[in-house]
Amino acid sequence: QVSREMQSHDTQVKFGDVTIGGGSFAVIAGPCAIENRDQIFKSAEIVKKHGAVGLRGGAFKPRTSPYSFQGLEEEGLKLMQEASKEYGLPCVTEIVDPAHVELLEKYVDAFQVGARNMQNFKLLKAVGQSQTPTLLKRGMSATIEELLLAAEYIYNEGNHNVVICERGIRTFERATRNTLDLNAVAYIKTKSHLPVIVDPSHGTGIRELVAPMAKAAVACGADGVIVEAHYDPQVALSDGAQSLDEASFAKMMRELTPFVQAA
Ligand code: PEP
Ligand code: MN
């Protein structure tokens, strides 16, 4: 179980050769979606250059609108795997279907269970039956208790490589895309031995707020951040407004340097 009562020491999750949890702060970065070869390579090059230790990118995109870009699917996974190898960055992508476990395992080092699927119990059980590290994002209306119980669905199937991600919740506030609940980070760190990371990109929806909230993630005891970065956010097919460009990513990394895990 994921409770501290069952295990007092912090769980460390191996993501490629990167360790998440147990004291160091990891920065995972990359575009919201893999769009084409040039885009994922350029974006990976930038995040590597400025110190990210992992690469993110969506291939199966659970978009709010059915008319939005839905992702390159397997073709995108192939491109991200190439970029991941080229730049020596383990990679993570979202899994949306329990039947995709084996397919995704061919290409990526970790699964992401997205906010919209936090209580997709078949999906949680399917990733739980693998040993692939899994980043579990908080549902946009999920309580902390529901989040921890969702983590337990994965954990109890035998996959102990679970990382929890606070990505903002839906509140009455509309100025920001979501309300990043950093209470949840500090709270979960007291209640659970699992690593907790923060997604300040979806948590705010606004590029300028990503670095401040990444620094806040350090302050509240998070084990890392996952941020969206794109070589040219202006042309991004999804989440451009919250994606960091090279200059803003580099600036955030400089500000985080004293706290960050070396690449
Ligand atoms: C994403 O990481 O691009 C994403 C869709 O995140 P979330 O599930 O947190 O909305
Ligand atoms: Mn996104």
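That block above? That's the structure.
This is a predicted model, so every value here is computed, not measured.

Engineer: What is the right way to read the overall build of the protein from this model?
Structural biologist: Looking only at helices and strands, the protein features nine helices and 10 strands. Expected size for 263 residues packed as a compact globule is a radius of gyration near 18 Å; at 16 Å, the protein falls within 12% of this value. Structurally, the protein occupies a C-alpha span of about 45 × 40 × 40 Å along its principal axes. Across the protein, every contact between residues at least 6 apart in sequence was considered, and the portion connecting residues at least 24 apart equals 68%.

Engineer: What is the right way to look at the packing of helix α4 (residues 121–128) against helix α5 (residues 144–156) in this model?
Structural biologist: How two helices sit against one another is set out by the angle between their axes and by the gap between those axes. Here α4 crosses α5 at 40°, and the two axes come no closer than 7 Å. In terms of orientation, α4 lies oblique with respect to α5. As for the relative orientation of α4 and α5, their crossing is right-handed in sense. Residues F121, L124, K125, V127 and G128 of α4 touch α5, and the partners they reach there are A150, Y153, I154 and N156. Each residue belonging to the contact of α4 with α5 can be placed in one class, and the counts come to six nonpolar, two polar and one charged.

Engineer: What is the right way to read unusual backbone geometry from this model?
Structural biologist: Glycine aside, residues mostly have negative phi angles, and peptide bonds mostly take the trans form. With phi around 55°, E73 is a residue other than glycine that occupies positive phi space. Counting through the fold element by element, E73 comes out in the loop between β4 (54–56) and α2 (74–87). Classification of E73 by C-beta neighbours within 10 Å gives partly exposed; the count is 14. At D239, a residue that is not glycine, the phi angle is positive and equals roughly 55°. Relative to the elements of secondary structure, D239 occurs in the loop between β10 (224–228) and α9 (246–256).

Engineer: What is the right way to read the site of ligand 1 from this model?
Structural biologist: Ligand 1 sits among C32, G58, G114, A115, R116, K137, R167, D199 and H202. Looking at side-chain class alone, the shell around ligand 1 contains two nonpolar, three polar and four charged residues.

Engineer: Can you walk me through the nonpolar core in this structure?
Structural biologist: Grouped burial of nonpolar side chains is what soluble globular proteins tend to show. Of all hydrophobic cores here, the largest spans 82 residues; its most connected members are L136, A151 and I164. No other element matches α5, which puts seven residues into this core. Once residues lying within four places of it in the same chain are set aside, the contact partners of A151 are V2, L136, V162, I164 and L194.

Engineer: Even after reading the chapter, I still don't get the pairing of strand β3 (residues 26–30), so can you show me in this structure?
Structural biologist: Side chains on a regular strand alternate between the two faces of the sheet. Where burial is concerned, most of β3 is hidden: five out of the five residues are buried. Covered by surrounding structure in β3 are A26, I28 and G30 together with V27 and A29, the residues of both alternating faces. Bridge count between β3 and β10: five bridges; the pairing is parallel. Bridge pairing in β10 places A26 opposite G224. Relative to β4, β3 is paired through two bridges, and the arrangement is parallel. Its bridge partner being in β4, A29 is matched across the sheet by L55. Each parallel crossover has a hand, and for β3 linked through helix α1 (residues 37–49) to β4 it is right-handed.

Engineer: Explain the environment of L182 to me, please; I cannot follow it from the model alone.
Structural biologist: Turning to its location among the elements, L182 is positioned in helix α6 (residues 182–191). With 20 C-beta atoms counted inside 10 Å, the residue L182 sits in the buried group. Remark: the alpha-carbon pair of L182 and A222, spanning 40 residues in sequence, is separated by 9.0 Å. Beyond its immediate chain neighbours, meaning those up to four positions away, L182 contacts A216 and C220.

Engineer: Just to check I follow, could you spell out α2 for this structure?
Structural biologist: Structurally, the α-helix is built with 3.6 residues per turn, so residues lying three or four positions apart point the same way. Taking 1.5 Å of rise per residue, 14 residues should cover 20 Å, and α2 covers 20 Å from first to last C-alpha, within 8% of that figure. Buried within α2 are the following residues: G76, L77, L79, M80, A83 and S84. Burial along α2 is one-sided: seen end-on, the buried residues are contained in an arc of 165°. Considering only its buried residues, α2 is in contact with α1, β4, β5 (91–94) and α3 (101–105). Count one or two residues on from α2 and you reach G88, which has phi positive near 65°.

Engineer: I tried to follow the environment of M6 on my own but got confused; where do I start?
Structural biologist: In this structure, M6 sits in the segment before β1 (13–15). By the C-beta count within 10 Å, which is 10 here, M6 ends up exposed. Separated by 187 residues in sequence, M6 and H193 have C-alpha atoms that sit 8.7 Å apart.

Engineer: Looking at this model, I keep getting lost on the pairing of strand β6 (residues 110–113). Mind explaining?
Structural biologist: Where burial is concerned, the two faces of β6 agree: the one with A110 and Q112 and the one with F111 and V113 are both buried. Relative to β6, β5 runs parallel, the two sharing three bridges. In the strand pairing of β6, E94 is matched with Q112. Two strands pair when backbone bridges link them, and β6 and strand β7 (residues 134–137) are joined in this way by three bridges, in the parallel orientation. Across the sheet, V113 pairs through a bridge with L136, a residue of β7. Crossover connection from β6 via α4 to parallel β7: handedness right-handed.

Criteria and thresholds
- Residues numbered from 1 in each chain as written.
- Chains lettered and ligands numbered in written order.
- Predicted model: local features only at pLDDT ≥ 70, side-chain atom pairs only at ≥ 80, totals over all residues.
- Helix = DSSP H or I, 4+ residues; strand = E, 2+ residues; numbered from the N terminus.
- Rg over C-alpha atoms; globule rule 2.2 N^0.38 Å.
- Contact = placed C-beta atoms within 7 Å.
- Axes fitted to C-alpha atoms, helices over the stretch in contact; angles between N-to-C directions.
- Parallel < 35°, antiparallel > 145°, perpendicular 65-115°, else oblique.
- Left-handed = near helix turned anticlockwise from the far one by under 90°.
- Nonpolar A, V, L, I, M, F, W, Y, C, P; charged D, E, K, R; others polar.
- Buried ≥ 20, exposed ≤ 12 C-beta atoms within 10 Å, placed from the backbone.
- Near = placed C-beta within 6 Å.
- Core = buried A, V, L, I, M, F, W, Y, C linked by C-beta atoms within 7 Å.
- Pairing = 2+ DSSP bridges.
- Right-handed = clockwise from strand over helix to strand, strands pointing away.
- Expected span 1.5 Å × (residues − 1).
- Arc of directions from axis to C-beta.

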